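# Report on the structure
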Amino acid sequence: MLEVVLSFVVILAVFLVLPLIVGQTEHKVMAHMQSRLGPMYAGRFHGWAQLIADGVKFAQKEDVVPAAADRRIFMIAPGVALIPYLVVLIAIPIDRDRVAVNLDLGLFFVLAVMGIGVLGSIMAGWASANKYSVLGGMRSAAQLMSYELPLVLSASSVAMAAGTLSLPGIVEAWQWWWLPWQAIGAIVFFLAGLAELRRPPFDMPIAESEIIMGPMTEYTGMRFALFMLSEYAGIVVLSFLTTVLFLGGWQGPFLPGWLWTLLKVFFLAFIVIWLRVTYPRLREDQLQKLAWAVLVPLALAQLALTGIVKVLT
């Protein structure tokens, strides 16, 4: 029992730190790719204190609740956005013997709980008593409905191939030749996950140039910081799930398993940041067309291909 508790504490501590590291990395990568000077200033050497400066800034800002807002819903929405991602992390394996809770239905659990995180954005938009926030919340709901289907279908193809819904079981069953076989599903899963996180180029619910910050328009201080932290926690969760389902998790030569997992996760997190810097925001019609006319058919094709391969083997 003590060993389980210690493992849970260690894994939770690691996963609480990783979103902060991803946030710091985003500052630096965007600074290099877009020649931004600001993130390189705090702390002098390569702007090492930027994350600390951001934390101090958020802590000093006044906590404002609009007079017309639904105060209770407004205050709990940031927690609803963040906590599901932290709950999901306890079921994701870092190594063969490093998983806080090994669930037989682990894949079903993580996909179900991840969907709850979007409710925080919808609650914030409705409770803020702001037309831009309501519009952002409606866009979040539409985006969730569109991209949840390809996300689940592509993940189902891996579960079918492995013959289990257990995340450690999927990694144990993974073979190197799954990389080309499950490549379409991996791309669909990753893009659908980005859309659910509302990351660029799928950031229509936020769209600073159109609706200010969407559901987060009326938020200040630490509550706004919690929304930002939930975004980075979502990037970590998406990168871990893509690693576990499609890249073999801890499997790899020479290096320890946990190190392979982290290397793959940080590579995928870099891709997430790179996409933000490179591609412009999609229009709402383009975003919906990508989901229903491209990703859903591809996910169904991957599912059919997996079924054919399983029958033949």
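Residues numbered from 1 in each chain as written. Predicted model: local features only at pLDDT ≥ 70, side-chain atom pairs only at ≥ 80, totals over all residues. Heavy atoms only, no water.

## Topic: the packing of aromatic side chains
Scanning the model with the defined rule gives 8 aromatic pairs in all. With a centroid separation of 6.4 Å and 80° between ring planes, the pair formed by Trp177 and Trp178 is classed as edge-to-face. Its relative accessible area of 38% is what places Trp177 among the partly exposed residues. Here Trp178 and Trp181 contribute two aromatic rings whose centre-to-centre distance is 5.5 Å and whose plane-to-plane angle is 90°, an arrangement assigned as edge-to-face. Here Trp181 and Trp178 lie together in helix α7 (residues 178-181), a separation of 3 residues that amounts to about one turn. For the pair formed by Trp178 and Trp181, the shared burial category is buried. (Phe/Tyr/Trp six-rings, centres within 6.5 Å; stacked < 30°, edge-to-face > 60°. Buried < 20%, exposed > 50% of the residue type's maximum accessible area, 1.4 Å probe, protein only. Helix = DSSP H or I, 4+ residues; strand = E, 2+ residues; numbered from the N terminus.)

## Focus on the side chain of Ser140
You can see Ser140 is positioned in helix α5 (residues 131-162). Here the side chain of Ser140 touches Ser121 through a polar contact of 2.9 Å, side chain to side chain. (Polar contact = N/O pair within 3.5 Å; in protein donor to acceptor, adjacent residues only side chain to side chain.)

## Things to note about the layout of surface pockets
When its volume is computed, the largest pocket comes out at roughly 890 Å³. Taken together, 35 residues form the lining of the largest pocket, with His27, Phe58, Phe224, Met228 and Tyr232 sitting closest to its centre. Elements with a minimum of two residues in the lining of the largest pocket: α1 (2-34), α2 (50-60), α10 (221-246) and α11 (257-278). Among the residues forming the lining of the largest pocket, the class breakdown is 19 nonpolar, 7 polar and 9 charged. If you add up the space inside the second largest pocket, you get close to 210 Å³. Taken together, 14 residues form the lining of the second largest pocket, with Ala186, Ile187, Phe190, Thr242 and Leu268 sitting closest to its centre. (1 Å grid on protein atoms, 1.4 Å probe; cavity = no way out; pocket = protein on both sides within 12 Å on 5 of 7 lines; lining within 4 Å. Points joined across faces, edges and corners; volume = space filled by probe spheres on them. Nonpolar A, V, L, I, M, F, W, Y, C, P; charged D, E, K, R; others polar.)

## Details of the nonpolar core
Among the nonpolar cores identified, the biggest contains 62 residues, and Ile92, Leu107, Leu167, Phe189 and Leu245 are the most heavily contacted of them. When residues no more than four places from it in sequence are discounted, the contact partners of Phe189 are Leu111, Leu151, Ser154, Ala155, Leu238, Leu241, Thr242, Leu245 and Phe246. Core analysis: the second largest hydrophobic core is formed by 15 residues, Phe74, Ala77, Ala81 and Ala225 among them. (Core = buried A, V, L, I, M, F, W, Y, C linked by side-chain atoms within 4.5 Å. Contact = heavy atoms within 4.5 Å.)

## What about a nonpolar patch on the surface?
There is a patch of nonpolar side chains on the surface, built from Phe45, Trp48, Ile52 and Val56 and spanning about 490 Å² of accessible area. Among the structural elements, Trp48 can be located in the loop between α1 and α2. (Patch = residues over 30% accessible without salt bridge, like charges linked within 9 Å, V, L, I, M, F, W, Y side chains within 5 Å. Areas by Shrake-Rupley, 256 points an atom, 1.4 Å probe, with all protein chains shown as cover. Salt bridge = Lys/Arg side-chain N within 4 Å of Asp/Glu carboxyl O.)

## Some thoughts on the side chain of Thr243
With respect to the secondary-structure elements, Thr243 resides in helix α10. Within the structure, Thr243 has its side chain in polar contact with the backbone oxygen of Ser239 (distance 2.8 Å). Residues within four places of Thr243 in sequence aside, it is in contact with Gly248, Gly249, Thr261, Lys264, Val265 and Leu268.

## Concerning the confidence of the model for the chain
Put simply, the chain has an average pLDDT of 84, and 97% of its residues get 70 or more. Here helix α9 (residues 208-211) stands out as the element of the chain with the lowest mean pLDDT, 72, in contrast to helix α8 (residues 183-197), whose mean of 91 is the highest. (pLDDT = per-residue confidence, 0-100.)

## Topic: α2
Quick reminder: α-helices carry 3.6 residues per turn. Residues three or four places apart thus point the same way. Every buried residue of α2 is listed here: Gln50, Asp54 and Phe58. All buried residues of α2 project into a common sector of 75° when viewed along the axis, lining one side. Structural note: α2 exposes Ile52, Ala59 and Gln60 on the side pointing more than 90 degrees away from its buried face. (Arc of directions from axis to C-beta.)

## Let's talk about empty space enclosed by the protein
Applying the stated rule across the entire model yields 1 cavity of 30 Å³ or more. Of the voids in this model, the largest cavity is the one considered here, and its volume is about 140 Å³. Residue lining of the largest cavity: 15 residues in total, with Leu197, Arg198, Phe227, Ser230 and Glu231 positioned closest to the centre. At the level of elements, α3 (71-89), α4 (106-127) and α10 are the ones that each hand at least two residues to the lining of the largest cavity.

## So, unusual backbone geometry
Backbone torsion omega between Pro200 and Pro201 reads 5°, so that peptide bond is classified as cis. Relative to the elements of secondary structure, Pro201 occurs in the loop between α8 and α9. Its identity is not glycine, yet Arg198 carries a phi of approximately 60°, on the positive side. Among the structural elements, Arg198 can be located in the loop between α8 and α9. Residue classification places Arg198 among the buried positions, given a relative accessible area of 14%.

## A closer look at the environment of Ser133
In this fold, Ser133 is placed in helix α5. Of the residues examined, Ser133 reaches a relative accessible area of 0% and is grouped as buried. With 12 residues separating them along the chain, Ser133 and Ser121 place their C-alpha atoms 9.1 Å apart.

## Some thoughts on the pattern of salt bridges
Two side chains bearing opposite charge may form a pair once their charged atoms approach each other closely. Taken as a whole, this structure holds 6 salt bridges when the rule is applied. Of the charged contacts, one joins Arg199 and Glu26 as a salt bridge, the two residues approaching to 2.5 Å between their closest N and O atoms. Highlighted residues: Arg199 in the loop between α8 and α9 and Glu26 in helix α1, separated in sequence by 173 residues. The pair formed by Arg199 and Glu26 is uniform in burial state, with each residue classed as buried. Of the charged contacts in the structure, one is a salt bridge between Arg283 and Asp285, with a shortest N-O distance of 2.9 Å. Put simply, Glu26, Arg199, Glu231 and Arg276 are held in one network by salt bridges that share partners.

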